[in-house]
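Chain by chain, the residues:
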Amino acid sequence: MCARMSFSPLPLDLPAVLRQVAGYATSPLAQRLALALSPATEPDTVARLQEETHEARLLLARGVDLDASSIADISSHLSRAQRGGILTGPDLVEVARTLAGIRQVKAVILRHQQACPCLARMAETVPNLKALEERLSAALTPQGQVADDASPTLRSLREEARTAYQAVEEALQRIISSPLGRHTLQEPLITQRAGRPVLPLKAEFRGRIPGLVHDVSESGATLFVEPLPIVPLTNRWKERQAAAEREEERILRSLSQGVGAAAEDIARALEVSARLDLAFAKARWARHIGAIRPAIATGERPLLRLVDARHPLLPNPVPNTIAVGEQWSILLITGPNAGGKTVTLKTAGLLALLHQCGIPIPAGEGSALSVFDRIYADIGDQQSIERSLSTFSAHLTAVREALEGATPRSLVLLDELGASTDPEEGSALAKALLLEFQRRGILLIATTHQREVSAFAQEQPGMMNASLELDPNTLVPTYRLTLGMPGRSWGLAIARRLGLPESVVERAQAFLSPERRRLEGLLAQVQQERRALRQRQQELDTAIAQANALRQRLQQELARLEEEKAHVLEEVRQQVQREADALLVRLQEARKALEQQNAVAYRTALQKAQGVRRDLRGERWQSPQRKALLQALGPDLRVWVRGFPYPGTVLTPPDAHGDLEVQIGTLRLRTSIDHLERLAEDAPSWLIRRAHPTPAPAVEASPPAETIPSSEVDLRGLRAQDALQRLDAFLDKAVLQGHRLVRVVHGAGTGALRTAVREHLKEHPLVSTWRPDASRPNDGATLVELG
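Residues numbered from 1 in each chain as written. Predicted model: local features only at pLDDT ≥ 70, side-chain atom pairs only at ≥ 80, totals over all residues. Heavy atoms only, no water.

### What about the sheet that holds strand S4 (residues 222-227)?
Argument step 1. The four strands lie next to each other as S1-S2-S4-S3, forming an open sheet whose pairing is antiparallel. Across the chains shown, the open sheet's two edge strands, defined by having one partner strand only, are strand S1 (191-193) and strand S3 (211-216). In this sheet, adjacent strand axes meet at a mean angle of 50 degrees when their direction is disregarded.
Argument step 2. Helix-sheet contacts for helix H8 (residues 152-177) involve S1, strand S2 (196-202) and S4, and the interaxial angle to S2 is about 10 degrees.
Argument step 3. Strand contacts of helix H10 (residues 231-261): S1, S2, S3 and S4, with the helix running at about 150 degrees to S2, the strand carrying the most contacts. (Pairing = 2+ DSSP bridges. Helix = DSSP H or I, 4+ residues; strand = E, 2+ residues; numbered from the N terminus. Axes fitted to C-alpha atoms, helices over the stretch in contact; angles between N-to-C directions. Contact = heavy atoms within 4.5 Å.)

### Considerations on the packing of aromatic side chains
Argument step 1. Considering all chains together, one arrives at one aromatic pair under this definition.
Argument step 2. Aromatic pair Tyr165 and Trp237: ring centres 4.7 Å apart, planes at 50 degrees, arrangement tilted. Pair noted here: Tyr165 is in helix H8 and Trp237 is in helix H10, with a separation of 72 residues, a long-range link.
Argument step 3. What makes Tyr165 partly exposed here is its relative accessible area of 22%.
Argument step 4. Here Trp237 falls in the buried class, since its relative accessible area comes to 8%.
Argument step 5. Over the face of the ring belonging to Phe224 we find Arg193, whose NZ or CZ atom lies 4.0 Å from the ring centre.
Argument step 6. Taking NZ or CZ as reference, Lys238 lies 5.3 Å from the ring centre of Trp237, over its face. (Phe/Tyr/Trp six-rings, centres within 6.5 Å; stacked < 30°, edge-to-face > 60°. Buried < 20%, exposed > 50% of the residue type's maximum accessible area, 1.4 Å probe, protein only. Lys NZ or Arg CZ within 6 Å of the ring centre and 35° of its normal.)

### Describing the sheet that holds strand S23 (residues 781-786)
Argument step 1. With mixed pairing, four strands are arranged side by side in an open sheet as S20-S21-S23-S22. Bordering the open sheet on either side are strand S20 (712-714) and strand S22 (767-772), each of which pairs with just one other strand. On average, each strand axis in the sheet is inclined to that of its neighbour by 20 degrees, with strand direction left out of account.
Argument step 2. Two elements, S22 and S23, share five bridges in a ladder whose sense is antiparallel. By the bridge assignment for S23, Trp770 is matched with Val784.
Argument step 3. Lying on the sheet, helix H22 (residues 752-763) is in contact with strand S21 (741-745), S22 and S23; it crosses S22 at an angle near 150 degrees.

### Considering the environment of Arg771
Argument step 1. Looking at the secondary structure, you find Arg771 in strand S22.
Argument step 2. For Arg771, a relative accessible area of 35% corresponds to the partly exposed category.
Argument step 3. Residues Arg771 and Thr782, 11 residues apart in the sequence, show an inter-C-alpha distance of 5.7 Å.
Argument step 4. With residues up to four places along the chain from it excluded, the contact list for Arg771 reads Leu741, Thr782, Leu783 and Glu785.
Argument step 5. Within polar-contact distance, the side chain of Arg771 engages the side chain of Glu785 at 2.9 Å. (Polar contact = N/O pair within 3.5 Å; in protein donor to acceptor, adjacent residues only side chain to side chain.)

### Describing the pattern of salt bridges
Argument step 1. Applying the stated criterion across every chain, the model contains 39 salt bridges.
Argument step 2. A salt bridge links Glu661 to Arg670, with the shortest nitrogen-to-oxygen separation between them at 3.8 Å.
Argument step 3. Judged by relative accessible area, which is 31%, Arg670 ranks as partly exposed.
Argument step 4. Here the salt bridges do not stand alone but share partners, grouping Glu712, Arg743, Asp773 and Arg776 into one network. (Salt bridge = Lys/Arg side-chain N within 4 Å of Asp/Glu carboxyl O.)

### Digging into H8
Argument step 1. The terminal C-alpha atoms of H8 lie 37 Å apart, and with 26 residues this matches the ideal 38 Å at 1.5 Å per residue to within 8%.
Argument step 2. Among all positions of H8, only Leu154, Leu157, Arg158, Ala161, Ala164, Val168, Ala171, Leu172, Ile175 and Ile176 are buried.
Argument step 3. Buried residues along H8 sit in contact with helix H9 (179-184), S2, S4 and H10. (Expected span 1.5 Å × (residues − 1).)

Everything listed is a geometric property; what it means functionally is a separate question.
This is the structure we're talking about:
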C-alpha cells in the first residue's frame, strides 16, 4: 500500500494529471484506481511501480496493447451474491463477460512474460475462473435469458408450455374463422389482457360468445373476452409457464450461489486486472507526452535533478533544468511577476509526486529523484493588500508545519518567501528560514522577490540562486531558468515601457543606492553575456544538429547505395550463373554428342583391330608347333604361359572367345590362348610340383606393359576422378589386347569409390556386363566382361 503524503496535492496539480492518466484506462476500475493514486514513500515500492509502467511501455512499443474494456465493475453483483441474493440474467451475463475479459487480459500478459516478468508475476496471481465463466455462458443467452439447455427440466417445461399455447391459439383461430366470429368480432386477431389470450368482441354482441370479460376499450365498443372453451387450455398453458419460471428461478439461484462462492477470487482477479490496465494507462500517457523513467537516487543525501523538465498541463512548456541536493540543499529562485517562478516550483513538486506514483515524468535523460517521505508545498497567489495579514499568517503556518514535520528525506516548496509583510522584516525572516532549513539538512526550493535574500543566498555555501529572465528588448518573460545567478530587478524598466514619465523613472533611479545601481549594471552585463553565450550555444547546437542530420542522411544514402550495389551485384551474379549454367549444359550436350561419335568410331576401329587380330592369330596358329598345341589343348595339359618362369596346368578347355583357365603353382588365372607359348612335355611334373608356390604376376601384367595390359587394375587409394581416368585407360588396353574378362580392384572402404566405378561401368561403351567378384572379401572388386 502507498503511504499517504503529509500534504494536499491540490496546489501541485496532481489530480488534474491523474484525470489525464485515467482517460487512458480502458476499464472503469482502472480509471477509479488512477484517480485515487497516492505517492508511495518506500523506494522498493516506487521501483516496482515504475518497473510495471516500463514493462507496459515496452509491450506497447512492440505493438502489444491491453484491452480491458469488457471488464465491468461487478462489485455490487458480488456483494449481493455473497449475501444469498439472486442475480438477474443480465447481471450474470455481465459477470460472465467480465470473467472472459479477465482471462483475456491474463493471457495477453503471460503470452509475453519474457518481456514483462513483473507484470507476469502479477497476472499469475489471477485465479482460474474459466469453469464458472463457461457455466454462466452455457446457461444464459447473450441477452441474459435462461437458455433452454440450462437444464433438461427447463427444456421439457418450455416445450410443454409451447405446445399448450399452440393449442390455445388453434382453438381461438377456429372461433375467429367461424361465421359467428366473423360476425361478432371487431378484428380477427388474438391479443392479451392480464397475461391471458382474449378476442375483441363487439359490445353489442355481449354473450354471443360465452366467456370471461377481462377488459373493455375506452370507448366501450369492444369487450376483450376469453371464450369459456379456451379457459382450461389457457390454464394448462399458464401452469406450464409458471413451472418453467420456477425452474428458471432455481437455475438463476444456483448460478448466483456459484458467483457468491467465488466472490473473493473474482474480487482479487478484478483488482489485479485493474492494476494491469492502470500500468498500461500510465504507459500510454507517458508515450503521448514523451515522458521518461527517472533514476532513483539512493545516496545518503536526498536529490532532485530534473533535466529539461516540463509541466505536463501546459500546452507549450519551456523545458528547464532544476537541481537541488547534490552541491546545495537550498535553491532560491528570483524573477519578475508572471515570469514562471510558481510554475517552476509546481513542476518540481509535481514531477516528484508523479515519480512516486509510478508514472514517468516529462523530463530528459539524466534526471534522478530520491523517494521523499514527505513533500510540503506552500504555493499561493494571494497578493491583495487588504488580505496581506491573513496571507502572511497562512504562509507562516505552512512554514511552521514544514519545520515541525519535515525530515532530511523530505522536500519543501515555498512560494514568495518573506512576502506579504514589511520588506525588511520579511527579508530577515526569509534569511533565518533559509539557514534553519539548511541546518536541518532539508531540501528546499523557494521563490522570492527580495533582493537582499537573493544576495544573502549568493554568499552562503550550500545555497544556490536561480533566476527567470525577461527578454531585454520586449520585456516578455522567457520562462527560462538560469542556475547560479540571481535575477535582475525589472520594475523601473517595466515602468518606462508602460509609459510612465521619464522624469519619474529617472528620479526613482536616483533614489537607488550606488551599490544597487552598480549591482544592477553588473547583473545586466552578466545576463547579456549569458544570453550571448546561450545564443552561441544554440547556434552550435543547431550546427551540430544539422551536421548530425547531414551525417544521418549520408549514412542513409550510403546504406541505400550499398544495398543497391549488393542488389546489382546479385543480379550480375545471377545472370553470370544463368549464362554459366547454360554454357555448361551446351558443353555437356556437345561432350555427350562427341562421346557418342567417338564411341561409334572406337567400336568400328576396335572391330577392325579384332579382325586383324583374328587374322594374325589364325596365321600364327598355322605353325606346326602351334597347331600341335591347339590340337592337344585340354584339361591337365602342361603348357608354358608367356611371362611366367615355369609351366602351368590347363584346367578348362578354351571357350568361344579363346579364354581358358590355367593353374600355375598356387595361382589360378584366366587367360587367352594367345598367351600360351608351347607344350611342356619336357618338363618333369615333379619339378613343377616342387616349384616355389609364390604367386606370379598376372598374365596381363607381364612385360612389356605398354603392349600387354594387365587383366587386373588396382584403383585403391585414388580419388574418384583419377580412378575413373585410369579405369578408362585400362579398359582400352584390355580390349586392344583381346581380353574378355578383367578385374577392377577398388577395395571396400566407405563404398564411395566402388559406387563411382560401377556407375561408370554402367555407361561405358566397351563394357558388356559386370558383377561383384565373389573371390574377393567385402565386395572389394568387380569382374568386368568386355564386348
